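Residue strings, one per chain:
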Amino acid sequence: MKQLPPDTVRLLSSSQVITSLVNVVKELMENSLDAEASSIDVKLENYGLDRIEVRDNGLGIKADDTPVMAVTHFTSKICSNEDLERLETYGFRGEALGSVCSVAEVSVITKTEEDDVSTQYTLNFSGEIVSQKPSHLGQGTTVSVLKLFKNIPVRRQYYSSTKKCKEELKKIQDLLVAYAIIKPGLRLTLIHNRVVVWQKATVADHRSALLATLGAGAVANLLPCHHHQEQPEILLEGFFPKPGADYSSTSSSSADKTFIFVNNRPVHQKDIMKLLRQHYSAQYPDTPTRNRYPTAMLKITVPPSSVDVNLTPDKTQVLLHDKEAVLTALDALLVSLYGYRHNGDPPAEKQLGRETSPSPPTARRADASRPDGEQSGERVAEDWIVDQFPAGLETDVSVCDDEMARSCTRAAGMGSAERLGGDAAASGDNSSKISAEDWSRGTALTDPVSGEPLQPVQIHQPSKDVRSDCDEIKSRSGSDKKVFNAITEKRAALTAYDLISNRAMRVPLSPAALFEKEARVEVLREKPTASLQDISDTVHERWKNLRVEERRKYEEKARRHLEHHDQRTKSASAEGPGETSASTPRGHAQGQKRKAPLSNQQLLDELFSAQPQKKTRNPAPKPSRLLPCSVAALRLRLRRLSSQSAGVPRGPRLVNRLASRSAWVILCGQRLMLLNPFRVEEALLFKRLLENNILPAVSLQNPIQLTDGSLGGAGYTEALCNMEKRSPELDGGALFSDPRLVANGFKIKLTPGLTSAERHLEVTAMADCVPFLGVEDLREILTAVLHRKARTVQECRPLKVTNYLQGEAVRLARQLPTNPSREDVEETLLRMDQQLAESNQTCIHGRPFLQHLSDVPSTDQEAKALLRPLEL
């Protein structure tokens, strides 16, 4: 054996910590949160493969700690293993930054409150500093990760597919959403390829954070809940779906909207998730909610000493020392909210073996003092409360809604009824428990009146003497015929049920068809407004230019599909319509009769054979009524109406709302159009923000000096000096008050001199809500003023500010009511005509407000042409 080199050991251990793009973002974000940051910006280029930048405004890294800030197992968060029992930070291993350095190129810019300027450090693969230089950034830390997985080609090749990269971007956004919910005071921004993908502003509480991340429609169906337990110390807080709410609006097919936090850390706990899903799906016995996940937020707070976070490299799974107590407390909270679950899996207490624990002595002594069979209502309610909340647990469950109080009352009633039956069954031995032996014998549940064991449900048939003579004649005449039982027999012929069950075989696809099936989705995502012909042409062009290796993959896939189709065809042809094949389960199910249960079979046959099986071939005619109608009178009436309204100018008029509740049919002259009011509101909001919004400027610790070189020349400096200014201050300096500068978040001070070379220009404040706003954006404003003669604020918006305002318009539009009234839509149409030109009839994303449906005919000939039959 040979010892591995240190570089190889470092690379192997780092590739286990940094397994994906989302791991890099998660580790850097947790470092920012541990540094008490209130604002974090995540910037990605090429889905993070080319560049990942995480910028915060936290405490920064002290100059004494920078030499070892990326060296493995150097950390400022713990000193020994005893500190793990008092852990309150997200990170503690000291491996994150060092592991990232092993698989990428890393640079760090940091500044503390005591430092005068920020410093940029360039790190090598082992986390050591190789160079440093001053930087212009403010307080906080900025970590830039370049060329991720450059020395792990297999893992970088894994992200060569666009689908994998988009999935990773979705995971990063879900991670930011989780931290945005648990940290309401945190401002987050996600930027991909210089486009703001998602952002969240600072809010006051968890409910506001849920509103900002999930939307008002989802939060409207959530209830805040609280549960506190002292021994062991457990605090449960969260928001859960309202009892009885529509499952389509309170659940989803994936778990990305079910948030579970343990000590403010987002985790994946299967047992907790299973318990949430069981209680939620128990409300909908007749709906397919078993495979859905509730929209919920659960925050679990326990002492740090009772949690083991060091379980997995990504720290998304934790080990709870008092897991049973946490599940019991959560089950009690969910029972108080949704009521007791009758069916499905047993509750958490029974899963944890609570049925073997002894009963409280107080309750047993009170029960022993009464004779058998005299179980009072207080005794039943007391037993139910004792079972739901075991002795020694002092709980405080507060549910913030009247419906939950009623649910708790119903749950207590159900539990009391079940307990009453159990007490009556076990009155002989003075115990309320049901033993496994009695249950298996069928003597566990007894009739409270007769005391005999309860019997299964029996199917009763009418007595033969009650039957009429006609029924006897029919039964005798049909006794010699073979009776076909539709329940227990199944023919081998192909039926509609077989087609619905996907038993019909599809024709195998060719390699080109398989490629087209996948490529059409990608083309549609890239060009949402493309026509069907353009999509087909693009797919055919890509198929022609496809590489030989990828073409072979589709040919191999088509060959496997063809072989599978041939095998199914042979097996189906060998069985035949009336034969039985025991080789395959499908043939066995189609050819042979299903085994029917022995009990009640003869009775079922008699009941089905006794029913008349007559088919009415000629149904009775439906009642009809003639109504007087005159096409000529109708035409005359329409002409009068048109002549009366001919002099009134016609604008777009609402007709009706569609069933989808997101579009309206309007009439524009003689054309029927489909209107999307949300796109109109989005464009109106964006126009208003462009014209009136003023970005708040934040004072800079170190003002930025402006020179002819930084502004682009003396002409730009002269154009800036000619802008409107305030009255001079005592020191002679004057602040610019021109709205073209102030609205874009720039506060510039001019100190005049005797000559143009002696005057002094500096930026004293700048907007921090727009990421990476700087002097180049000021140069963009001056270019619009100097070359395009821009005089309004709307004409002088830089590209970064325009993109930021677009995101704000989209965010505000999403907060509008989902079902606007007719008056609101009419007001939107009026504002669209007044504020938007006819050439600007698209939303921010380039999608039109109106879609043409049809033209209303104005003459009889046009109406007849529209009503002509189809030529087949």
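Structure first, text after, so check above.
Anyway, here's the lowdown on the structure attached to this text. (Residues numbered from 1 in each chain as written. Predicted model: local features only at pLDDT ≥ 70, side-chain atom pairs only at ≥ 80, totals over all residues. Heavy atoms only, no water.)

Let's talk about the overall build of the chain
What counts is decided by this rule: A run of H or I in DSSP counts as a helix once it spans at least four residues, and a run of E counts as a strand once it spans at least two, with each numbered from the N terminus. For the exposure calls, accessible area comes from a 1.4 Å probe over protein chains only, and a residue counts as buried if that area is under 20% of its type's maximum, exposed if over 50%, partly exposed in between. Should any heavy atoms of two residues lie within 4.5 Å, those residues are counted as being in contact. Accessible areas in this description were obtained via Shrake-Rupley with a 1.4 Å probe; residue shielding takes into account the shown protein chains only.
When helices and strands are counted, the chain shows 31 helices and 26 strands. With 872 residues in all, the chain has 35% of them scored as buried. Nonlocal contacts in the chain, meaning residues at least 24 apart in sequence, comprise 64% of its contacts between residues at least 6 apart. Carbon and sulfur atoms form 53% of the exposed surface of the chain, whose accessible area is close to 52,800 Å².

Re the pattern of salt bridges
For clarity, the threshold we go by: A side-chain nitrogen of Lys or Arg and a carboxyl oxygen of Asp or Glu constitute a salt bridge if their distance falls within 4 Å.
The final tally for this structure, using the stated rule, is 27 salt bridges. Here R51 and E53 are joined by a salt bridge, their closest N and O atoms 2.7 Å apart. A residue is classified by how much of its surface remains accessible, and E53, at 5% relative accessible area, is buried. The partner of K687 in a salt bridge is E691, and the shortest N-O contact between them spans 2.6 Å. Placement of both K687 and E691 in helix α24 (residues 677-692) is noted, with a separation of four residues, approximately one turn of the helix.

Quick word on unusual backbone geometry
With omega at -5 degrees, the peptide bond leading from Q231 into P232 counts as cis. Phi at K147 is positive, roughly 55 degrees, even though this residue is not glycine. Secondary-structure assignment places K147 in the loop between β6 (140-146) and α4 (153-158). On the accessibility criterion, K147 (47% relative accessible area) is partly exposed. Here N193, not a glycine, exhibits a phi torsion of approximately 55 degrees, which is positive.

Points about the side chain of D56
What counts is decided by this rule: Charged residues are defined narrowly, with Lys and Arg counted positive, Asp and Glu counted negative, and His plus the chain ends left uncounted.
Mapping D56 onto the fold places it in strand β2 (residues 51-56). One buried charged residue, D56, forms no salt bridge at all, with the nearest opposite charge on R55 at 8.8 Å. Apart from the residues lying within four places of it in its own chain, the contact partners of D56 are S32, A37, S39, I40, Q139, G140 and T141.

Quick word on the pairing of strand β24 (residues 746-751)
Applicable threshold: Strand pairing follows a simple DSSP-based rule, namely that at least 2 bridges must link the two strands.
Strand direction decides the pairing type here: strand β23 (residues 734-735) and β24, joined by two bridges, are antiparallel. Bridge pairing in β24 links A734 to L750. Bridge analysis of β24 against strand β25 (residues 760-767) gives six bridges, and the strand direction is antiparallel. Note that in β25 the partner of T751 across the bridge is H760.

Side note on the sheet that holds β25
The line we're drawing: The angle between two axes is taken between their N-to-C directions and runs from 0 to 180 degrees, where each axis is a line fitted to C-alpha atoms and a helix contributes only its stretch in contact.
One open sheet holds the four strands; their spatial order is β22-β25-β24-β23, and the pairing between them is antiparallel. Edge strands, defined here as strands with exactly one partner in the open sheet, are β22 (697-706) and β23. In the packing of helix α26 (residues 714-721) onto the sheet, contacts are made with β22, β24 and β25, and the angle to β25 comes to roughly 70 degrees. Running over the sheet, helix α28 (residues 775-787) touches β22 and β24 and is turned about 80 degrees from β24.

Focus on the packing of aromatic side chains
What counts here: Two rings from Phe, Tyr or Trp (for Trp, the six-membered ring) form a pair when their centres are within 6.5 Å of each other. A pair whose planes differ by under 30 degrees is stacked, one over 60 is edge-to-face, and the rest are tilted. The rule for a charge over a ring is simple: NZ of Lys or CZ of Arg within 6 Å of the ring centre, and within 35 degrees of the ring normal.
With the rule as written, the count across this model stands at seven aromatic pairs. Pairing Y158 with Y159 gives two aromatic rings, centres 5.1 Å apart and planes at 80 degrees, and the pair type is edge-to-face. Judged by its relative accessible area of 47%, Y158 falls in the partly exposed class. By relative accessible area, Y159 is classed as buried at 4%. Just above the ring of F772 sits the side chain of K43; from NZ or CZ to the centre is 4.3 Å.

A closer look at the nonpolar core
We count it as follows: Nonpolar cores were defined as sets of buried Ala, Val, Leu, Ile, Met, Phe, Trp, Tyr and Cys residues, with membership established by side-chain atoms within 4.5 Å.
With 56 residues, the main nonpolar core has I40, V42, V145, L148 and L176 as its most contacted residues. It is helix α5 (residues 162-182) that contributes the most residues to this core, 11 residues altogether. Discounting chain neighbours no more than four positions away, the residues touching L148 are L21, V24, G48, L49, I52, V103, A104 and R156. Of all hydrophobic cores here, the second largest spans 36 residues; its members include L685, L720, L773 and A784.

Focus: a nonpolar patch on the surface
Definition in use: Grouping into patches uses exposed residues only, defined as over 30% relative accessible area, and leaves out salt-bridged ones; the cut-off is 9 Å for like charges and 5 Å for nonpolar side chains (Val, Leu, Ile, Met, Phe, Trp, Tyr).
The grouping of I434, W439, L445 and L454 at the surface amounts to a nonpolar patch, some 420 Å² of accessible area in total. With respect to the helices and strands, the residue L454 is situated in the loop between α15 (436-441) and α16 (469-477). Note on L454: relative accessible area 47%, which makes it partly exposed.

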